[in-house]
Amino acid sequence: MGLSEKRSLFFKIRQSCRILVRNHAFRDYPERGFSQAEIVNLVRSKVGHFAVNNSDVAIEGSFLFNVMDDLDRKCKLVILIEESEVVDAKTGISRKETIIVCSAYREVKDVKS
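Residues numbered from 1 in each chain as written. Predicted model: local features only at pLDDT ≥ 70, side-chain atom pairs only at ≥ 80, totals over all residues. Heavy atoms only, no water.

Engineer: An account of the pattern of salt bridges is needed here, citing residue identities and associated values.
Structural biologist: A side chain with one charge may pair with a side chain of the opposite charge, provided their charged atoms come close. As enumerated under the stated definition, the model contains five salt bridges in all. A salt bridge links Asp70 to Lys46, with the nearest nitrogen and oxygen atoms 2.6 Å apart. With Asp70 in the loop between β3 (63–68) and β4 (74–87) and Lys46 in the loop between α3 (36–45) and β2 (48–52), the pair connects residues that are 24 residues apart, well separated along the chain. For the salt bridge of Glu83 with Lys96, the shortest nitrogen-to-oxygen distance reads 3.9 Å. Within this pair, whereas Glu83 is found in strand β4, its partner Lys96 is found in strand β5 (residues 94–105), the two being separated by 13 residues in sequence. Among the residues examined, Glu83 registers a relative accessible area of 44% and is labelled partly exposed. When salt bridges that share partners are traced, they join Glu38, Asp69, Arg73 and Arg106 into one network. (Salt bridge = Lys/Arg side-chain N within 4 Å of Asp/Glu carboxyl O. Helix = DSSP H or I, 4+ residues; strand = E, 2+ residues; numbered from the N terminus. Buried < 20%, exposed > 50% of the residue type's maximum accessible area, 1.4 Å probe, protein only.)

Encoded structure:
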């Protein structure tokens, strides 16, 4: 699946699909200030652009979702879309795709008083 197909699928499913946020995205770098809830909100509701993940250590099949947070800081989310059917135990609703946020980056400047 190419980048344009991934982009189209992402915007089609992001409101209703399951979103998994890996611990690495918010716990391993606390100085970046992400919470799991903020990352889910960025994925579900923010406008951003897509780029190929050209990192030397890129996860195969991943792409970058470049977006601005609520404080207008640039954020880069490493995204995978996994296509496996998941049935919600409470609702019985079946979802085919899952968005996985593997990593999240933003530069946060120290504010000294």
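Engineer: Give a description of helix α1 (residues 3–13) that names residues and reports values.
Structural biologist: Those residues of α1 lying buried are Lys6, Leu9, Phe10 and Ile13. Along α1, the residues classed as buried sweep out an arc of 105° about the axis, all on the same side. (Arc of directions from axis to C-beta.)

Engineer: Please provide a residue-by-residue account of the side chain of Lys6, values included.
Structural biologist: Along the chain, Lys6 turns up in helix α1. Excluding residues within four positions of it along the chain, Lys6 makes contact with Met1, Gly61, Ser62, Phe63 and Ile81. (Contact = heavy atoms within 4.5 Å.)

Engineer: Which residues make up the nonpolar core, and what values do they have?
Structural biologist: It is characteristic of soluble globular proteins that their nonpolar side chains tend to be buried jointly. In terms of nonpolar packing, the biggest core is built from 23 residues, with Phe10, Leu77, Ile79, Ile99 and Val101 touching the most fellow members. Residue assignment for this core shows that the elements contributing at least two residues are α1, β1 (18–21), α2 (23–26), α3, β3, β4 and β5. Broken down by element, the residue count for this core peaks at four residues, all from β4. Contact partners of Ile99, with chain neighbours within four places excluded, come to Phe10, Ile13, Arg14, Cys17, Arg18, Ile19, Leu20, Val43, Ile79, Leu80 and Ile81. Leu64, Val78, Ile100 and Cys102 belong to the second-largest nonpolar core, a separate cluster that totals five residues. (Core = buried A, V, L, I, M, F, W, Y, C linked by side-chain atoms within 4.5 Å.)

Engineer: Please provide a residue-by-residue account of the packing of aromatic side chains, values included.
Structural biologist: Applying the stated rule across the entire model yields eight aromatic pairs. With 6.3 Å between their ring centres and 85° between their planes, Phe10 and Phe63 make a pair best called edge-to-face. Placement of the pair is Phe10 in helix α1 and Phe63 in strand β3, with a sequence separation of 53 residues. With a relative accessible area of 0%, Phe10 lands in the buried category. On the basis of relative accessible area, Phe63 is assigned to the buried category, the value being 1%. Clustering of aromatic rings is evident, with ring pairs tying together Phe10, Phe11, Phe50, Phe63 and Phe65. Over the ring of Tyr29 we find Arg32, and its NZ or CZ is 3.9 Å from the ring centre. Over the aromatic face of Phe34 sits the side chain of Arg106, whose NZ or CZ is 3.9 Å from the ring centroid. (Phe/Tyr/Trp six-rings, centres within 6.5 Å; stacked < 30°, edge-to-face > 60°. Lys NZ or Arg CZ within 6 Å of the ring centre and 35° of its normal.)

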